[in-house]
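Reading the structure
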Amino acid sequence: MQVHTSEVARLYQTEFVRSARAVGVLWAVCTLCFAVIEVVILIQPSWVGTRQLHYRPGSPPPQAGTLGLFEVCLETDWPVPECRGSLRTLTPLPAFQSPAVLVCISLAMVWASVGCLCLFRFCNAATVYKICAWLQLTAGFCLALACVLFPDSWECAEMRALCGESVSSFSPGNCTVHWAYVLAMLGILDAAILATLAFVLGNRQDALLPDDAKDVTGLLLSP
């Protein structure tokens, strides 16, 4: 009877560890994807773009383009838009310095959590998961703050030149939010999910066996 109970406990432990490892691998892959998404969010000049406006025949068409944290891009007759800004030197537009810094901090936190994946070979897995969880939580908070400060900074010369004089804080005038800003909003949710999953995995690593299996093992090991 004791041998049979021991085999069941050992089998339960093996399946428990395998499922935890499978979820951990999925979490690591999603963390790496989130890090790549953060790079796209930072560099893409598609946080805000002009609406599809109608104009009278014979009158000059309204200016069309997009705007990001580092560049303003205007559509031209050529397939490639004309962009003005300092993406190469990573100098944000003056009005969006605070959101750009917050996104950079968020990006650094996410890539730090990716770097922490190497620590699984040297440190306790539960500790590594919890470190990554706090890093991802910080990244999500910084990204959320950037998404709030970005529309608050719309009342600037770059936005007025692109979206008209009706621009004000949280009112884009003749423009609308584009996919990079939406992606940043989804990144906040992604960071929250990954951080929660990392906390759960860390707690599961603290106790790989269920309570009933621990009791059985304790009985088997007792003299």
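Let me sum up the structure you'll find in this document. Since the structure is predicted, the reported quantities are computational estimates derived from the model, not experimental observations.

**Quick notes on the state of the cysteines**
Evaluated as defined, the whole model comprises 2 disulfides. Each sulfur in the disulfide pair cysteine 163 and cysteine 175 lies 1.8 Å from the other. Judged by the sign of its S-S torsion, about -95 degrees, the cystine formed by cysteine 163 and cysteine 175 is left-handed. Placement of the pair is cysteine 163 in helix 4 (residues 157-163) and cysteine 175 in strand 5 (residues 175-177), with a sequence separation of 12 residues. A relative accessible area of 0% places cysteine 175 in the buried class. Numbered by order of appearance in the sequence, the disulfide-linked cysteines of the protein chain pair as 1-2, 3-4. Note on cysteine 30: no disulfide assigned, nearest cysteine sulfur contributed by cysteine 33 at a separation of 6.1 Å.

**As for the packing of aromatic side chains**
According to the stated counting rule, one finds 8 aromatic pairs in the structure shown. Plain terms: the ring middles of phenylalanine 96 and phenylalanine 150 are 4.9 Å apart, the flat faces sit at 40 degrees to each other, and that makes the pair tilted. One end of the pair, phenylalanine 96, is in the loop between strand 4 (82-85) and helix 2 (97-115); the other, phenylalanine 150, is in helix 3 (residues 125-152), with 54 residues separating them in the sequence. We note that phenylalanine 96, like phenylalanine 150, is buried. Here phenylalanine 150 and tryptophan 154 contribute two aromatic rings whose centre-to-centre distance is 5.9 Å and whose plane-to-plane angle is 90 degrees, an arrangement assigned as edge-to-face. By relative accessible area, tryptophan 154 is classed as buried at 4%. A network of ring pairs unites the aromatic residues Trp47, Phe96, Phe150, Trp154 and Tyr181 as a single cluster.

**A short note on the sheet that holds strand 2 (residues 65-67)**
Read across the sheet, 5 strands follow the order 4-3-2-1-5 without closing on themselves; strand pairing throughout is antiparallel. The open sheet is flanked by strand 4 and strand 5, the only strands paired with a single partner. Put simply, the sheet's adjacent strands are angled 20 degrees from each other on average, direction ignored. Pairing of strand 1 (residues 48-50) with strand 5, which is carried by 3 bridges, proceeds in the antiparallel orientation. The residue bridging glycine 49 from the neighbouring strand is threonine 176, located in strand 5.

Cut-off values and rules
- Residues numbered from 1 in each chain as written.
- Predicted model: local features only at pLDDT ≥ 70, side-chain atom pairs only at ≥ 80, totals over all residues.
- Heavy atoms only, no water.
- Disulfide = S-S within 2.5 Å.
- Helix = DSSP H or I, 4+ residues; strand = E, 2+ residues; numbered from the N terminus.
- Buried < 20%, exposed > 50% of the residue type's maximum accessible area, 1.4 Å probe, protein only.
- Phe/Tyr/Trp six-rings, centres within 6.5 Å; stacked < 30°, edge-to-face > 60°.
- Pairing = 2+ DSSP bridges.
- Axes fitted to C-alpha atoms, helices over the stretch in contact; angles between N-to-C directions.

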